[in-house]
Amino acid sequence: MAERVLILGGGLMGLAIAHQLARRGRAVQVLSRRRSEAAGFVAAGMLAPHAEGLAGDLLRLGQAGLERVPAWVAAVEGDSGLGCGLRQCGIVVPFASAAERDGFATGPYGQPLDRAGLERELPGIGPRWQAGWLFPQDGQIDNRRRLMRALERACVALGVHFQEGTEVEGLERDGSGSLRAVRLRTAEGERRTLEATQAVLACGAWSARLLPELPVFPVKGQMLSLQAPRGALSRVIFGPGTYLVPRQDGLVVVGATSEPEAGFCEGLTPAGQRQLQSGIEALLPEAAGWPPMERWWGFRPCTPDEGPLLGASPIPGLWLATGHHRNGVLLAAITAELVAGVIGGTLAQEEQDLVEAFRWNRDATRTPTHREPA
Ligand code: GLY
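Quantities reported herein were computed from a predicted structural model and do not represent experimental measurements.

Strand order in the open sheet made by the three strands is β9-β10-β11, with antiparallel pairing throughout. The sheet is open, and its two edges are formed by β9 (167-173) and β11 (191-195), each paired on a single side. For this sheet, the mean angle separating the axes of adjacent strands, direction not counted, is 25°. In terms of strand pairing, β9 meets strand β10 (residues 179-185) through six bridges, oriented antiparallel. Across the sheet, residue Val168 finds its bridge partner in β10, namely Leu184.

Here it is in structure tokens:
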């Protein structure tokens, strides 16, 4: 029988990979330190390879990810009996001028909008925006309230074993340098060694604490939600530094600051919340009057070129699924498929090439993608 796989990290990647492996008949154990800090509970849940303006291999991965989402969500919903809130609602990216719009990297995948088109797609959009792209194929999942819970339930239904409150403190290698065991500290403070020769490192922004060679660092994001009248907004609006993501029931998730200088410094800041408030006012003035419901923050796992680290690690037997930065929800399905395929040795050549493009020690040249605040 195939050996049990340990998943280090109970966030979105850890759960998605655990689910995929369990579906393939593998025994899986998930070690999770504190599930509430996972970026999967923080993100807005956008599926936005085009609205994010991704390029190169990251666009290729993002498009492959987007394509897999409907079947993946159907599997999670089928295994869990819970809905995930997938909406292919389209995303509008507005610009101050047609010239700015025409320079946007993923424009060829979208439909151009003039001011009248913007007003049609987003009634009440702020006067500053004169042009835009509509990406009808982009969308969202209700990650915080639905997807994470559904994935956990699906994993449990398939026999995945969870150990919450367990911090992995170190990795042990055998004489040949391969993974032999992990050292952990339980919720009760007990220190133990757990033998494992197959494990997936999916510790998000904290990944380099376990394996310092990994070029992963935190980029803090602050968020809030608003209660809009139901149906007030039918598409996501993705502006510079601020986006509004309308859930089916009228809740609007607003993101997000991007604060690499904050490190792991927790908490909301007045400057961060002011940035979001002025972004809301500029994008959709009436939304500035919708009542705020919740405010939160989290840490994106970023890498120098903003692409994830997938597949083999410097330690044979330890696999990587981290560094998804702004695109974790979008990339969860494809990451689970690729990493489970690498572990099982079942990847087709094209998929192997994709994993190779995101190896941990690639040459990292950043192509700026997402739009910073104006
Ligand atoms: N996915 C958008 C963000 O990370 O803010």
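Okay, back to it.
So, on to the site of the ligand. What surrounds the ligand is the set Met46, Glu52, Tyr243, Ala256, Arg300 and Arg326. The backbone of Arg326 places a nitrogen or oxygen atom 2.7 Å from a nitrogen atom of the ligand. Burial of the ligand by the protein amounts to 88% of the accessible area it has alone, namely 200 Å². When its residues are assigned to classes, the shell around the ligand shows three nonpolar, no polar and three charged.

Moving on, we come to the nonpolar core. Ranked by internal contacts, the top residues of the largest apolar core, which has 55 residues, are Ile7, Trp72, Ile141 and Val200. Secondary-structure elements contributing two or more residues to this core are β1 (5-8), α1 (12-23), β2 (28-32), α2 (56-80), α5 (143-157), β19 (318-322), α8 (328-344) and α9 (349-357).

In this structure the tally under the stated criterion is 22 salt bridges. Linking Arg145 and Asp249 is a salt bridge whose minimum nitrogen-to-oxygen distance equals 2.9 Å. Here Asp249 lies in the loop between β15 (243-246) and β16 (251-255) and Arg145 lies in helix α5, a separation of 104 residues in the sequence. Here Arg145 falls in the partly exposed class, since its relative accessible area comes to 34%. Note on Asp249: relative accessible area 32%, which makes it partly exposed.

For the rest of this paragraph, the subject is the packing of aromatic side chains. Counted by the stated rule, this structure contains six aromatic pairs. Here the aromatic cluster, defined as three or more aromatic residues joined through ring pairs, consists of Phe95, Phe104 and Phe135. Over the aromatic face of Trp133 sits the side chain of Arg101, whose NZ or CZ is 5.6 Å from the ring centroid. One residue, Arg144, lies across the ring of Trp296, its end atom 3.7 Å from the ring centre.

Our focus in this paragraph is the packing of α2 against α8. Taken N-terminus to C-terminus, the directions of α2 and α8 make an angle of 90°; their axes are 7 Å apart at the nearest point. Between α2 and α8, the angle is such that the two are roughly perpendicular. Contacts between α2 and α8 pair Leu58, Leu61, Gly62, Ala64, Gly65, Leu66, Arg68, Val69 and Trp72 from the former with Leu330, Leu331, Ala332, Ala333, Ile334, Glu337 and Leu338 from the latter. Along the lines of polarity and charge, the residues of the contact of α2 with α8 split into twelve nonpolar, two polar and two charged.

Reading the values: the criteria
Residues numbered from 1 in each chain as written. Predicted model: local features only at pLDDT ≥ 70, side-chain atom pairs only at ≥ 80, totals over all residues. Heavy atoms only, no water. Pairing = 2+ DSSP bridges. Helix = DSSP H or I, 4+ residues; strand = E, 2+ residues; numbered from the N terminus. Axes fitted to C-alpha atoms, helices over the stretch in contact; angles between N-to-C directions. Near = heavy atom within 4 Å. Polar contact = N/O pair within 3.5 Å; in protein donor to acceptor, adjacent residues only side chain to side chain. Areas by Shrake-Rupley, 256 points an atom, 1.4 Å probe, with all protein chains shown as cover. Nonpolar A, V, L, I, M, F, W, Y, C, P; charged D, E, K, R; others polar. Core = buried A, V, L, I, M, F, W, Y, C linked by side-chain atoms within 4.5 Å. Buried < 20%, exposed > 50% of the residue type's maximum accessible area, 1.4 Å probe, protein only. Salt bridge = Lys/Arg side-chain N within 4 Å of Asp/Glu carboxyl O. Phe/Tyr/Trp six-rings, centres within 6.5 Å; stacked < 30°, edge-to-face > 60°. Lys NZ or Arg CZ within 6 Å of the ring centre and 35° of its normal. Parallel < 35°, antiparallel > 145°, perpendicular 65-115°, else oblique. Contact = heavy atoms within 4.5 Å.

Keep in mind these numbers describe shape, not what the thing actually does.
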